[in-house]
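Examining the three-dimensional arrangement
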4 protein chains.
Amino acid sequence: MMHAINKKIYYHDTDCGGVVYYANYLKYFEEARTEYLADRGINLIEMAKEGFLFVVKKVDIEYKSPGRYGDKLTVTSEITKLRSASMQFTQEVKRGDLLIVAAKTVLVCIDKTFHPTAMSDDLIEKIK
Amino acid sequence: MMHAINKKIYYHDTDCGGVVYYANYLKYFEEARTEYLADRGINLIEMAKEGFLFVVKKVDIEYKSPGRYGDKLTVTSEITKLRSASMQFTQEVKRGDLLIVAAKTVLVCIDKTFHPTAMSDDLIEKIK
Amino acid sequence: MMHAINKKIYYHDTDCGGVVYYANYLKYFEEARTEYLADRGINLIEMAKEGFLFVVKKVDIEYKSPGRYGDKLTVTSEITKLRSASMQFTQEVKRGDLLIVAAKTVLVCIDKTFHPTAMSDDLIEKIK
Amino acid sequence: MMHAINKKIYYHDTDCGGVVYYANYLKYFEEARTEYLADRGINLIEMAKEGFLFVVKKVDIEYKSPGRYGDKLTVTSEITKLRSASMQFTQEVKRGDLLIVAAKTVLVCIDKTFHPTAMSDDLIEKIK
């Protein structure tokens, strides 16, 4: 059930410390989650039009090794908890076998009033 | 009529070339234009609620000298053309007297249908 | 011992969900930590020249309420753990009394070989 | 001689106006130029190790139509001027046939002292 995307690192990803800026990994994790869901037939734009949004509630992230300019990284994603109105993604950024960053992210499904709301059975089935 | 804001440079502003990343100056110019207009009593949020938005149509930007981590820069703004539905900002980023970046930006006033629309006399008067 | 900086939110801080993009809070936390240290006489550029860098090892961040365009936010910082080669910052982003985001960040002091290294007594004294 | 890369738009690319933030196109143009050169056997990391860097001197950019969340865009690049120490890229961002953004960017080749320097014949031959 592991899902992976590729991510090449450009100048705009890095900082003057010579490495990938620490906030930017959260962008790659967003991209990877979106592709994970798209691969399961879940289109976030369609969901938003129907009044459902996933919002990030919590991120725990550990920086293990620096990413650098020109790196060709892999971002893996899997869902490690799934509840009626929330889910937890466990994600990693790697260069080959070397772990760069590891993170756990909790997303909550909210409705138009910005309150947590149960996902439909159809949606949960697709995510599984 | 020259307007200025201060801008300190942090890690997230720079890239691994050791200098401010070239796209980031456009962020500082956005901040400076917003403050220029706010100082003249023009609140972009209020304008948006009434259905008017300023969108950037064109930017001509020249990079004269690199900005660096820790720099305390100044961003100056003045309006150098003002028409019924558009205006041109001339802006500079400086470190002391040294010119870092110079830009001309054309903004167009659009309505809810995303078409150019004449600004009200009141708005033009404030901008002047 | 609480330290605070102001942070105004512009277009570049937000996303099309209408709120501050979740990764951007890590930029504000970087700015706030830098100013916290600068206020105690610790200049990260000088430290880097002497071969010492602080790198982020871990961030735990919780999103409590959305930040929005035009918001005037406050970012508070305090050091809640201090060891020979590392420290933990506890930081919050607030709009008035409303908590927007809360985070704990662990920074490690590394030397030119990218290995953790004990901070000097002088440095630890300043941080305290 | 036209070169193209694909670029999908995520939340982090957009702003609360509901469209791609205007500075972000400069990131896509950087990516496209890097891939253009890589496809011609020019590795910017290797060049930097030998003491040569390309820096952006000038960008003229026009915003024709908004890019939006979920868009699958194409970024095209061609070199429209080539001199001993500089070159001009003409680049476009499109959604299908619709032009989103058009830009001309001048890059200068600099050496370790940050002065413009002539590119080697070998480098110019590869770029052609």
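Residues numbered from 1 in each chain as written. Chains lettered and ligands numbered in written order. Predicted model: local features only at pLDDT ≥ 70, side-chain atom pairs only at ≥ 80, totals over all residues.

All names here are of chain A. Its 16 residues give helix 1 (residues 24-39) an end-to-end C-alpha distance of 23 Å, which sits within 8% of 22 Å, the value for a rise of 1.5 Å per residue. Extensive coverage of helix 1 is indicated by the burial of 12 of its 16 residues. All of the buried residues in helix 1 are Asn24, Tyr25, Leu26, Lys27, Tyr28, Phe29, Glu30, Ala32, Arg33, Thr34, Tyr36 and Leu37. Gly41 lies just past helix 1 and shows a positive phi near 80 degrees. (Helix = DSSP H or I, 4+ residues; strand = E, 2+ residues; numbered from the N terminus. Expected span 1.5 Å × (residues − 1). Buried ≥ 20, exposed ≤ 12 C-beta atoms within 10 Å, placed from the backbone.)

Glancing now at the nonpolar core. If you look at the biggest cluster of nonpolar residues, it comprises 126 residues, and the most contacted ones within it are Tyr25(A), Tyr25(B), Tyr25(C) and Tyr25(D). Ignoring sequence-local partners within four residues, the contact set of Tyr25(D) consists of Val20(D), Ile61(D), Val93(D) and Val101(D). (Core = buried A, V, L, I, M, F, W, Y, C linked by C-beta atoms within 7 Å. Contact = placed C-beta atoms within 7 Å.)

Bringing the interface of chain A and chain B into the picture now. Contact with chain A, which involves 10 residues of that partner, is made by 10 residues of chain B. Partitioning the side of chain A that touches chain B into residue classes produces 5 nonpolar, 4 polar and 1 charged. (Nonpolar A, V, L, I, M, F, W, Y, C, P; charged D, E, K, R; others polar.)

What follows deals with the environment of Lys49(D). Residue and element names in this part refer to chain D. One can find Lys49 in helix 2 (residues 44-49). The exposure class of Lys49 is exposed, given the 9 C-beta atoms found within 10 Å. A sequence separation of 63 residues divides Lys49 from Lys112, and the C-alpha atoms of the two residues are 9.9 Å apart.

Taken in spatial order, the 10 strands make up an open sheet running 1(B)-3(B)-4(B)-5(B)-2(B)-2(D)-5(D)-4(D)-3(D)-1(D), and their pairing is antiparallel. With one partner strand each, in any of the chains shown, strand 1 (3-8) of chain B together with strand 1 (3-8) of chain D form the two edges of the open sheet. Neighbour-to-neighbour, the strand axes of the sheet open up by a mean angle of 25 degrees, direction not taken into account. Where strand 1 of chain B meets strand 3 (residues 72-82) of chain B, 6 bridges bridge the pair, whose relative direction is antiparallel. Considered in strand 3 of chain B, the bridge of Ala4(B) is made with Thr76(B). (Pairing = 2+ DSSP bridges. Axes fitted to C-alpha atoms, helices over the stretch in contact; angles between N-to-C directions.)

As a further point, take the relation of the copies chain A and chain B. When chain A is brought onto chain B, the operation consists of a screw motion whose angular component is 180 degrees and whose axial shift is 0.0 Å, with 0.0 Å RMSD remaining. On the angle and the small slide along the axis, the relation comes out as a two-fold axis. When the interface residues of chain A are mapped onto chain B, 100% of them again fall at the interface, so both copies present the same face. (Least-squares fit on C-alpha atoms with pLDDT ≥ 70 in both.)

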